[in-house]
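Summary of the model geometry
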Amino acid sequence: MSGSGQGRKRRGKPPRGRAANQSGRLGSNRRQGAPSPRGGGQPPTEIDPEAPRRFLATAARGTEEVLRDELVSLGFGGVATVPGGVRFDGRITDGMRACLWLRTAGRILMSLGESRVRGPDQLYDAVRALPLTDWYHPKASIAVFARTSDPHLRHSGFTALKTKDAIVDAMRDVHGRRPDVDTKRPDVTMVVHVRDGRARFYLEVNGAPLNQRGYRKRDVEAPLKETLAATMILMSGWAGSGPIHDPMCGSGTLAIEAALIAANRAPGLEREFGFQRWPAFGAIETRWAALREDAASKCRSIRAPIMASDIDGSAVMAARANAHNAGVGDRIMIRKADAREIGPLLGGGTFVLNPPYGERLASDDPMLGKLYDRFGAAMRAHPGHHVTLIAPQALITRAFGDSPLHHIDVRNGKIPCRIATFATSDGR
Ligand SMILES: C[S@@+](CC[C@H](N)C(=O)[O-])C[C@H]1O[C@@H](n2cnc3c(N)ncnc32)[C@H](O)[C@@H]1O
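Attention now goes to the packing of helix α10 (residues 366-380) against helix α11 (residues 393-400). As a packed pair, α10 and α11 sit with axes 7 Å apart at the nearest point and diverge in direction by 45 degrees. Between α10 and α11, the interaxial angle falls into the category oblique. The way α10 lies across α11 gives a crossing that is right-handed. Judged by residue contacts, Gly 369, Tyr 372, Asp 373, Phe 375, Gly 376 and Arg 380 of α10 engage Leu 395, Arg 398, Ala 399 and Phe 400 from α11. Among the residues forming the contact of α10 with α11, the class breakdown is 5 nonpolar, 2 polar and 3 charged.

Right, dumping it as structure tokens:
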């Protein structure tokens, strides 16, 4: 959701003030490297932590149902799937808990309200009517991100600019000063979606996208997003106790996400979130500390054998370093091996993999086709296993046939792909 949208492709023509960039985020006027005030050190604003709130957790297209299942199993209320995400209800604590625990969500947005709008002036008035002083303060930097497919507000950049103007004017009226705009590391980010004459306003709760768990310091070519890797593990049916092996591990993302799931480790336990920079953070700080403490107490030791291998020695080194950063380095066996010669897992188990493909590697490339034939045959030779992989559909069919147990269609970056799970029950 954050990366696309019709309105984001066009450049808006701002009437005055600072230009907005193509992504619909406002350009920065903060001095490079200037320190940003931190949540705890900022002047407090008043919010009611007990007030009911509505949230939207965003998901990569095609993965909404996996995210929905996650929210349900974590006990969130009012869960409903929408294109590109899942809505849920709760208190502000639930927004923080979603950041801490969700493995497949991209962002957590908290609704500030919605309004019918027809054009920029009505948008401005709608923003001014929001409870801005609860969340904003001149000392806290701001960013606005807009996505629009509305005929009366066609340009996302202009929509973001108009929204920013309203926030800045509100701060000037109340405090006599305006906040800085900072797109790189804002303290408070507003997200605006405009469609069918309706504007929806959200505060971004997470800050940096949730896929940026922080453990992947060494990348290989074409690493999988952490959230998509978690989606694959959750879709594979692996219960966290039997053997699991990624035989084309690259930087190790799939095996690391599997280990975090087996350890019941909240993926956000070691990171900072955007809400910690809110002026209102003082009112919820003790609740955040309690959530983290509770999550830390829920970690358990990993019993499952988790394996990762790759034909490329530098990928093996990267996977080892990243697993170490994630705190699961001693729980994953990582080695150099050729997936075309893979052996069975003890007592059966799960293979998860993200084989090579890409814009540069056409799906009808004979070398690539041969690779899929070979590793597909090697895995199908071991009855009693499950295989979950992500690849373009034609290549998946080539390796494993066209009768998966289940599948979803997604995009990996720009490439249309499928995540499919097969059983090797008959060994054919
Ligand atoms: C798309 S990358 C995997 C990225 C990985 N999921 C990550 O998140 O970093 C594909 C990997 O397959 C590996 N590979 C290609 N042919 C292989 C083979 N025959 N056996 C094992 N690994 C192979 C490549 O070295 C590469 O690291």
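Below, the discussion takes up the site of the ligand. Around the ligand, the structure places 20 residues, and the nearest of them are Pro 223, Met 248, Gly 250, Ser 251 and Thr 253. Of the residues belonging to the shell around the ligand, the class tally is 12 nonpolar, 4 polar and 4 charged.

Moving on, we get to the environment of Arg 147. With respect to the helices and strands, Arg 147 occurs in strand β5 (residues 142-148). By C-beta crowding, Arg 147 is classed as buried, having 24 other C-beta atoms within 10 Å. Taking the C-alpha atoms as reference, Arg 147 lies 9.8 Å from Ala 199; in sequence the two are 52 residues apart.

For the rest of this paragraph, the subject is helix α1 (residues 64-73). Burial in α1 covers these residues: Glu 64, Val 66, Leu 67, Arg 68, Glu 70 and Leu 71. The positive-phi residue at the C-terminal boundary of α1 is Gly 75, with phi of around 85 degrees.

Moving on, we get to the sheet that holds strand β7 (residues 198-204). One open sheet accounts for 7 strands, arranged β2-β3-β1-β4-β7-β6-β5; its pairing is mixed. What marks the edges here is a single partner per strand, and that holds for β2 (77-82) and β5. Pairs of neighbouring strands in the sheet enclose a mean axial angle of 30 degrees, with direction left out of account. As judged from the 3 bridges shared by strand β1 (residues 53-58) and strand β4 (residues 108-116), these two strands associate in the antiparallel manner. Bridging across to β4, Phe 55 finds its partner in Met 110.

Okay, the nonpolar core next. Residues Ala 57, Ile 233, Ala 255, Ala 258, Ala 259 and Ile 306 are the most contacted members of the largest nonpolar core, which totals 126 residues. The dominant element in this core, judged by the number of residues it contributes, is helix α7 (residues 253-262), at 8 residues. There are two domains that each give this core at least three residues, and those are domain 1 (39-204) and domain 2 (226-268 + 300-423). Apart from the residues within four sequence positions on either side, Ile 306 is in contact with Ile 244, Ala 255, Ala 258, Ala 259, Ala 262, Arg 331 and Ile 332.

Calculation rules
- All residue numbers here refer to positions counted from 1 along the written sequence of the relevant chain.
- Note on the predicted model: pLDDT of at least 70 is required for a residue's local features to be given, and 80 or more for side-chain atom pairs to be given and counted; whole-chain, interface and lining totals, by contrast, use all residues.
- Orientation is described by lines fitted to C-alpha atoms, with helices fitted over the stretch in contact, and by angles between N-to-C directions that extend from 0 to 180 degrees.
- Counting from the N terminus, the helices are DSSP H or I runs at least four residues long and the strands are E runs at least two residues long.
- Note on angle classes: values under 35 degrees are labelled roughly parallel, values over 145 roughly antiparallel, values of 65 to 115 roughly perpendicular, and the remainder oblique.
- Put simply, a crossing is left-handed when the front helix is turned counterclockwise from the back one by less than a right angle, and right-handed when it is turned clockwise.
- By definition, residues are in contact whenever their C-beta atoms, placed on the basis of the backbone, come within 7 Å of each other.
- Throughout, the ten residues Ala, Val, Leu, Ile, Met, Phe, Trp, Tyr, Cys and Pro are labelled nonpolar, Asp, Glu, Lys and Arg are labelled charged, and all others, Gly among them, are labelled polar.
- Nearness rests on one distance test: the residue's C-beta atom, set from the backbone, must lie within 6 Å of the molecule or strand.
- Remark: C-beta atoms are placed from the backbone, and a residue is labelled buried if 20 or more other C-beta atoms sit within 10 Å of its own, exposed if 12 or fewer do, or partly exposed between those counts.
- By this definition, two strands are paired if DSSP reports at least two bridges between them.
- Here, a nonpolar core denotes buried Ala, Val, Leu, Ile, Met, Phe, Trp, Tyr and Cys residues that are linked to one another through C-beta atoms within 7 Å.
- What counts as a domain boundary in this text is fixed by an automatic or database domain assignment.

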